Amino acid sequence: MTVSATGCLMANVKPGKYPVSRRALLGGLGAAMLVPRWTAAASSSYSLKNARLLIGDGTEVRGGLRVEAGLITAVGPEVTSGEDLGGAVLWPGMYNSGCDLGLVEVDQEGGTRDDADGAAVSPQVRVVDAYNPRSLAIAVSRFDGVVGALVLPGDRLVAGQGAWLRTLGDTVDDALIQAPAGLVVRLGRGGLSGTDAPSSRMGAAAKLRELLENAEDDDEDVGREEGWRKKRRLRSRDEDEDDDEDDEEDRDEDDDHEDDHEDDDEEGEAADVGAGELSPGDRVLRQVRRGRLKVLIAADRASDLLVALSIIDEFKLDAMLLGAAEGHLVAGAIAEAGVPVLLGPVTTQPSSFDTLNARYDNAALLHRAGVRLAIRAPGHHNIRNLNLDAGLAARAGLPPEVALAAITGNGPGFFGLKVGLLRPGYEGTCVLSDGDPLQPRTAHRRVWVRGVEAPMVSYQTELRDRFRSLW
Amino acid sequence: MWFLTFVALAAPGAAAAPSAAPASPVQPARLVIDNATVLTISGPVIVDGTVIIEGGRIREVGSGLPLPAGFPVVDARGGYLMPGIIDVHSHMGVYSWPGGSGTDDGNEAVEAFTPRVWAGDSFDPEDPALARARAGGVTTIQVLPGSANLVGGLSAILKLRPARTIEPMLFAGAPRGIKMAVGENPKRVYRNAPDDDQLQTRMGLFAALRARFQAALDYRTARTRKEPPARDLDAETLLDVIDGKIRVNLHGYRAYDVVGFYRVADAFGFSVAIFHHALDAYKVRDILVAHGTAVATWPDWWGFKLEAFDGIPWNAQMVHEAGGTAILHSDSADHVQRLNFEAAKLVRYGMSESEALRTITLNPAIGLGLADRVGAIAPGRDADLVLYDRHPFDIYTQVQLTWIDGAPVYDRERDGVPDGQR
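The following paragraphs examine the structure supplied in this document. Keep in mind the model is a prediction, meaning the values are calculated, not measured.

On to the sheet that holds strand 15 (residues 373–375) of chain A. Residue and element names in this part refer to chain A. One open sheet holds the six strands; their spatial order is 8-11-12-13-14-15, and the pairing between them is mixed. Of all the strands in the sheet, the pair left with one neighbour each is strand 8 (158–161) and strand 15. Pairs of neighbouring strands in the sheet enclose a mean axial angle of 20 degrees, with direction left out of account. As judged from the three bridges shared by strand 13 (residues 319–323) and strand 14 (residues 341–343), these two strands associate in the parallel manner. Bridging from a neighbouring strand, G323 pairs with L343 of strand 14. Here helix 9 (residues 302–314) sits on the sheet and contacts strand 12 (295–299) and strand 13; the angle it forms with strand 13, its principal contact strand, is near 165 degrees.

Before going further, it helps to examine the sheet that holds strand 8 (residues 138–143) of chain B. All names here are of chain B. Here we have three strands laid out as an open sheet, ordered 7-8-10, and mixed in their pairing. With one partner strand each, in any of the chains shown, strand 7 (85–90) and strand 10 (156–159) form the two edges of the open sheet. Strand after strand, the sheet turns through a mean of 15 degrees between neighbouring axes, direction not considered. Direction of pairing for strand 7 relative to strand 8: parallel, over a ladder of four bridges. Bridging across to strand 8, D87 finds its partner in I141.

Below, the discussion takes up the pairing of strand 4 (residues 57–63) of chain B. Residue and element names in this part refer to chain B. Two strands pair when backbone bridges link them, and strand 3 (residues 46–54) and strand 4 are joined in this way by six bridges, in the antiparallel orientation. If you follow V51 over to strand 4, its bridge partner there is V61. Here strand 3 hands over to strand 4 after two residues, with G55 in that stretch at a positive phi of 60 degrees.

Moving on, we come to the packing of aromatic side chains. All names here are of chain B. Summed over all chains, the structure comprises 17 aromatic pairs over all chains. On the basis of an interplanar angle of 35 degrees and a centroid distance of 4.9 Å, the ring pair of F213 and F270 is categorised as tilted. Here F270 lies in the loop between helix 5 (255–268) and strand 13 (274–277) and F213 lies in helix 3 (residues 202–223), a separation of 57 residues in the sequence. Here F213 and F270 have matching classes, each one buried. Seen in terms of ring centroids, Y253 and F304 are 5.8 Å apart; in terms of plane orientation they differ by 75 degrees. Their pairing is edge-to-face. Taken together, the residues span a long stretch of sequence, with Y253 in the loop between strand 12 (246–252) and helix 5 and F304 in the loop between strand 14 (294–297) and helix 7 (315–321) at a distance of 51 residues. Classification of Y253 by relative accessible area gives buried; the value is 3%. Cluster of aromatic residues (ring-pair linked, three or more members): F213, F261, F268 and F270.

Thresholds, definitions, all that
Residues numbered from 1 in each chain as written. Chains lettered and ligands numbered in written order. Predicted model: local features only at pLDDT ≥ 70, side-chain atom pairs only at ≥ 80, totals over all residues. Heavy atoms only, no water. Pairing = 2+ DSSP bridges. Helix = DSSP H or I, 4+ residues; strand = E, 2+ residues; numbered from the N terminus. Axes fitted to C-alpha atoms, helices over the stretch in contact; angles between N-to-C directions. Contact = heavy atoms within 4.5 Å. Phe/Tyr/Trp six-rings, centres within 6.5 Å; stacked < 30°, edge-to-face > 60°. Buried < 20%, exposed > 50% of the residue type's maximum accessible area, 1.4 Å probe, protein only.

Take a look at the structure:
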């Protein structure tokens, strides 16, 4: 390995063969994996040449990629310096538009699960407070080309706020791309669990409508942005001194300014509008109500998708659909609403009463109807199969370049993020592979995240190496 | 686009006329499949190969064979012919779709030992998952009881012939199989069971296993007395295990679980045919190979419970390199539909393509004791075959035809794609 500046970080790392106990492995490997701490952006530069570049928007060019200070500065034939990749495939890597990476370590060990809080209605819950950047599943995912994930809270009617995170970084702040990245709402059976949960679909829809109704501004404030802004400015001057909850909101605001590539001002303002007598949860719902926080509505059954669309229309929400196993049955309605879909898993089977009409060509049919979509692989341990899922969608008729875009730039693009495409101005994140990323045989050789070459080391490679010869 | 053509449809009834009805089961067919790239598995790949089928079995395989007169011919030019896929770990039919309490028939979790039950008695031949598996090129499955019990019951080894009852699906002549389980599942299920049935620890599980096998031997002795005890079907099934008449399918993950089970099995003189799931197999691959146990695993599932936390995608390859028999199983009505792609992933982690193909064909046949019947394209083998339009590891490949005993059980032209099927 002779990569510039940062790439040499892992060149001399030899995964240990030492016979440590499993307890030590579980407890210590996170640290032993030597994930390079993401330091100053200024040192995060590299240049690669002679690659087959899959841009992520459906186009392909020959040439190189230059990254400076963590951002792509040049792409294509004009990049003629740097490490020669010998014509290998360079692509943006996978961005998983909806999973719970970093929230669950071992599914059946309750003590390692932070994917859903107790209450059925928990808008104030934020995954960034639970995300474990040292979860062993993260490096395992990165090893096979997952570079970013929209991490979402689990099965609750109003589950909480998601976040986009990179798969490299010692702390949440290092890894964070955007937070909050939408409020997760679940219809169908998924939304009927948790404390004080409704017990039927009609109950869930009623509760959701009630929450949104109550989040409406006072009469005098409805639709009067200027009034609110003035009020906010006056109030924020007062609140600097006394309100604990505002400290939390200030943090939100900071996150937005630092990590959100678009609408910084908008989001920042949104974060502390309407403080006062409202609970943190109320304030989140108010942001949703004002279209300043996206709402991601999970539903699979066609009838639930239509309920979601009607609520989106009724309350003029800035929304996306999540799941949508039976989306093809209502593809026209989704397209007409102009709501993007974070689709998947694409392998959903007609195995439950919520998904009796699941089909492999769901993505293809939605695309044909004009629906914008990203493909997601829920879960955490095996989200590395996202490329295979996209491949299966392509096999069932989704144009291959659309399938690739659906696991790279599309999802982050819906959130206004400049990641997931090999374009100047985007984060210097990419994956080197020995073939078509949608093919199951293709191996991923190297991974860079925001300018830093990641080690091709994980809990799994350490186990492999430890037992390579028996002792 | 490549598509299949039938030519010289001479023999009536052999190669099914287009119809919505499923092919009639057990049609010992005469058929020639011509011009395919034949992935024989047991021998070299034959480009432009010909396979001649008679009486439901493969009569001849080769290149440039003279075509016998009066046989229907499938021109498979451009296609890849492979032995039908074999899944040694299926719960199709015992957890029929759509899932729910009404179709939850896989675990007779009333006590930890139920060797008396047979998965076939739970099997729903109309599980819609079965049609999808056929469309995925699967021809033989072993339907197992679940893993709640230390001894969960007998398996049903089936050919995926479309049928209204299980009887025409039974794989005639297949050795019997039994499901056993160690580790977290029985621990979890019987942790809070009433009094005598309670099991809490691994040492408790193994003690219970020893006691049951000893009780079976005691029963055998007692049956020779003048006033023998009443027949005990549980004990008689376990005696058949001890006598090597039933192949043991052991569910487990941890290296120390399978080694612990060997302490019991060695003491009572029986062997383990297949170690299922086996995510730790790579750690004790030498011990598994020495015991002649095949390893059935997934390419990359891991982490869902603590005992599954050390699964690595190099597992199958490391077992193979040690001289073991590596099998990919599905344990899933979803993954069974594309075991070819699951096997393709092994190539990413260093396995050769030919070896990866064996993990879903010949190796599972070995695990079931059926290697002389299925799992390879060779004279004398059952004509259980799948025809793809591209290499089975190419993500864009589509199954064109699946045959069982030479009869088409899935035909893409006739049956369409399984999307939308229920």
